[in-house]
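The primary structure of each chain is shown beneath.
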Amino acid sequence: MAWKRNEPDIPSTPSPAPASPAPPSRPQSSGRGGERAVIGGSITVQGDIKGQEDLTILGQVKGTIDVKEHTVTVGQSGKVKADVHAKLIVVEGRVEGNLFGSDQIVLRSTADVQGNLTAPRVALEDGAQFKGAIDMEPGTKAKGGGPGGSTGSGGASSSGGASGSGSSGSGSSGSGSSGSGSAKGDSGGGDKPPSGGASSSGSGSSGRG
Amino acid sequence: MGFLDRLRGKGRGGGSRGQGAAPSRSPRRGDSPGGSGEAETPSIRLRSLALGTLFSHLVQGGSYEFLDLGPAIGSNVQFLARYVKSVRVGDLHGTLTGTTPRNVERALDELTPAGTYHGVLAWDLLNYLDAEELQTAAAALARSVAPGGYLLAVIHYTAQMPGEPLRFRISDEETLTYHEPRTTRPAPRYPQRTLEQAFGALELEHSYLLKAGLQEYLFVRE
């Protein structure tokens, strides 16, 4: 188990999307050499989403989300009814479903989550609403850790693009997300550049022998 | 040594009715209550003899499963993660408060699979259940405790108790902090005999009177 005080590269999300139409979707760099897809605030996706890039959800998703090697961020305006599989999952909005993070799950103060969390590291910020079980993966617990929440800072930054459908591709990079199912709405969300700073929550201290 | 073996005869209190340490008030106002939107009140540190006893029976890195009936508090989850494989956060009071009509049995139904938990943290919950709810909740919770597992509960023995359950934060293995309550209400003052009968399947291992108007109970399932 590792409850690290400072975790780099935990992205912050854009503010809730504006209602007005937005420019066409354009995947943006996540700052780690990858790509990021954004499901805008007015978008509703029903179905399964698989991808090879980071995903930010500002709209609604019902189904499943599978981006195992990447980051899923549910922004404050995001509403997800889905099981989510990702490397890092950051929740600021509402989630009904089970979250599986191969690296870490972070529930920020505005998060409202009903479901089970499975990850080697889980951080709940003060104010986060959560009901469910938290399972630490076997064999990953004894890395140290301790009580007390703290907030660190990271350096991830990105500028967002809006996705007006259930799928987004990253074009030249060759990576992309695919959504099976239906998508509704215009591309009114996700065009607002995310804040550049990223923060993480967690704690660290040595365990008692 | 199995879990059951570790639970036997290792309590620090040396018996029931230990004398708790007086709480100390912290002048600082950090450590937000979190989630309630309430303005912060002074933080109070409390030496918890029951918690100390409970943790004295656990080993770090264990594969314990815990049920925390309080609201989600990140620092508690992180602390418990030193010891447990899994912690389920129930927030029973919040669930009941947000449900009309209140239904303890339904609220606990999914939370309390039989014989599951090595530790149940009821905290300040029982005070906020009426007599009938207490019986229902105690029976369900008692069933959910695994053999050798513990249940920790706190009761207000004074005439008045906080208007809302205290939100305890685990500072270390035997220290809790909570915020001074802003409002009070009459306390049911459930006597020890009532609790022992309600948790019939569990045995009262320790009962600690604390000077903060609190009484801690540590039940164990044989």
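This is a predicted model, so every value here is computed, not measured.

**Remarks on the overall build of chain A**
A tally of helices and strands in chain A yields zero helices and 16 strands. The contacts in chain A between residues at least 6 apart in sequence include a share of 48% that link residues at least 24 apart. About 8100 Å² of surface is accessible on chain A, with carbon and sulfur atoms providing 46% of the total.

**Notes on the overall build of chain B**
On a plain count of helices and strands, chain B comes out with seven helices and 13 strands. Buried positions account for 55% of the 222 residues belonging to chain B. In chain B, of all internal contacts separated by at least 6 residues, the share reaching a separation of at least 24 is 72%. Carbon and sulfur atoms provide 46% of the accessible area of chain B, an area that totals close to 8900 Å².

**Focus on the pattern of salt bridges**
The final tally for this structure, using the stated rule, is eight salt bridges over all chains. Note that Glu 65 of chain B and Lys 85 of chain B form a salt bridge whose closest N and O atoms lie 3.7 Å from each other. Of the two residues, Glu 65 of chain B is situated in strand 4 (residues 64-68) and Lys 85 of chain B in strand 5 (residues 84-89); the sequence distance between them amounts to 20 residues. For Glu 65 of chain B, a relative accessible area of 24% gives the class partly exposed. Taking the relative accessible area as the measure of exposure, Lys 85 of chain B reaches 31% and is therefore partly exposed. Each member of the salt-bridge network shares a partner with another, and the members are Glu 92, Arg 108 and Glu 125 of chain A.

**Let's talk about the nonpolar core**
The nonpolar side chains of a soluble globular protein tend to be buried with one another. Membership of the largest hydrophobic core comes to 66 residues, with the highest contact counts inside it found for Ile 65, Leu 99, Leu 107 and Ile 134 of chain A. Broken down by element, this core gets its largest block of residues, six residues, from strand 6 (residues 79-91) of chain A. Setting aside residues up to four positions removed in sequence, Leu 99 of chain A forms contacts with Val 84, Ile 89, Val 91, Ile 105, Leu 107, Val 113, Asn 116, Leu 117 and Thr 118 of chain A. In terms of nonpolar packing, the next biggest core, distinct from the first, is built from 32 residues, Leu 92, Leu 125, Ala 198 and Tyr 217 of chain B among them.

**Concerning helix 6 (residues 131-144) of chain B**
Residue and element names in this part refer to chain B. Compared with an ideal rise of 1.5 Å per residue, which puts 14 residues at 20 Å, helix 6 spans 20 Å between its outermost C-alpha atoms and is within 8% of the ideal. Taken together, the buried residues of helix 6 touch strand 4, helix 5 (104-109), strand 6 (117-123), strand 7 (145-156) and helix 7 (192-198). For helix 6, the N-terminal cap is Asp 130; the gap from its side-chain oxygen to the backbone nitrogen of Glu 132 is 3.1 Å.

**Quick notes on the packing of aromatic side chains**
All names here are of chain B. Under the definition given, this model contains seven aromatic pairs over all chains. Here the aromatic rings of Phe 55 and Tyr 83 are separated by 4.8 Å at their centres, their planes lie at 40°, and the arrangement is tilted. One end of the pair, Phe 55, is in helix 2 (residues 49-56); the other, Tyr 83, is in the loop between helix 3 (74-80) and strand 5, and 28 residues separate them in sequence. Like Phe 55, the residue Tyr 83 is buried in the burial classification. Ring geometry for Trp 123 and Phe 168: centres 5.7 Å apart, planes at 35°, overall tilted. Residue Trp 123 is located in strand 6, and its partner Phe 168 is located in the loop between strand 8 (160-162) and strand 9 (169-172); the two are separated by 45 residues in the primary sequence. What links up through ring pairs into an aromatic cluster is the set Phe 55, Phe 79 and Tyr 83.

**Some details on the environment of Tyr 217 of chain B**
Residue and element names in this part refer to chain B. Mapped onto the elements, Tyr 217 comes out in strand 13 (residues 214-220). In this structure the C-alpha to C-alpha distance between Tyr 217 and Thr 194, which are 23 residues apart in sequence, comes to 12 Å. With near-sequence residues (within four places) excluded, Tyr 217 lies in contact with Leu 151, Leu 152, Ala 153, Ile 155, Tyr 190, Pro 191, Gln 192, Leu 195, Leu 204, His 206 and Ser 207.

**Observations regarding the confidence of the model for chain B**
Residues and elements named next belong to chain B. In the predicted model, chain B carries a mean pLDDT of 85, and the fraction of residues at 70 or more is 82%. Contacts of residues 1-21 to residues separated by more than four positions or lying in other chains number 54 contacts, the stretch itself having pLDDT below 50. Here residues 27-38 scores under 50 on pLDDT; set against residues more than four positions off or in separate chains, the count is 26 contacts. Across the interfaces of the predicted complex, the ipTM metric reaches 0.79, alongside a pTM of 0.72.

**Considerations on the side chain of Glu 53 of chain A**
Residue and element names in this part refer to chain A. Within the element layout of this structure, Glu 53 appears in the loop between strand 3 (44-51) and strand 4 (54-57). There is no salt bridge for the buried Glu 53, and the closest opposite charge comes from Arg 36, which lies 7.9 Å off by N-O distance. Within the local environment of Glu 53, its side chain forms a polar contact with the backbone nitrogen of Arg 36, the two atoms lying 3.5 Å apart.

**Some details on unusual backbone geometry**
All names here are of chain B. Put simply, Thr 100 and Pro 101 share a cis peptide bond, and its omega is -5°. The residue Pro 101 is located in the loop between helix 4 (92-97) and helix 5 in this model. Its identity is not glycine, yet Asp 91 carries a phi of approximately 45°, on the positive side. Locating Asp 91 in the fold gives a position in the loop between strand 5 and helix 4.

**Thoughts on the environment of Ala 198 of chain B**
Residue and element names in this part refer to chain B. When you line up the elements, Ala 198 lands in helix 7. Judged by its relative accessible area of 7%, Ala 198 falls in the buried class. Distance in space between the C-alpha atoms of Ala 198 and Asp 130 is 12 Å, their sequence separation being 68 residues. With near-sequence residues (within four places) excluded, Ala 198 lies in contact with Gln 135, Ala 138 and Ala 139.

Rules used in this analysis
Residues numbered from 1 in each chain as written. Chains lettered and ligands numbered in written order. Predicted model: local features only at pLDDT ≥ 70, side-chain atom pairs only at ≥ 80, totals over all residues. Heavy atoms only, no water. Helix = DSSP H or I, 4+ residues; strand = E, 2+ residues; numbered from the N terminus. Contact = heavy atoms within 4.5 Å. Areas by Shrake-Rupley, 256 points an atom, 1.4 Å probe, with all protein chains shown as cover. Buried < 20%, exposed > 50% of the residue type's maximum accessible area, 1.4 Å probe, protein only. Salt bridge = Lys/Arg side-chain N within 4 Å of Asp/Glu carboxyl O. Core = buried A, V, L, I, M, F, W, Y, C linked by side-chain atoms within 4.5 Å. Expected span 1.5 Å × (residues − 1). Polar contact = N/O pair within 3.5 Å; in protein donor to acceptor, adjacent residues only side chain to side chain. Phe/Tyr/Trp six-rings, centres within 6.5 Å; stacked < 30°, edge-to-face > 60°. pLDDT = per-residue confidence, 0-100. Lys, Arg positive; Asp, Glu negative; His and termini not counted.

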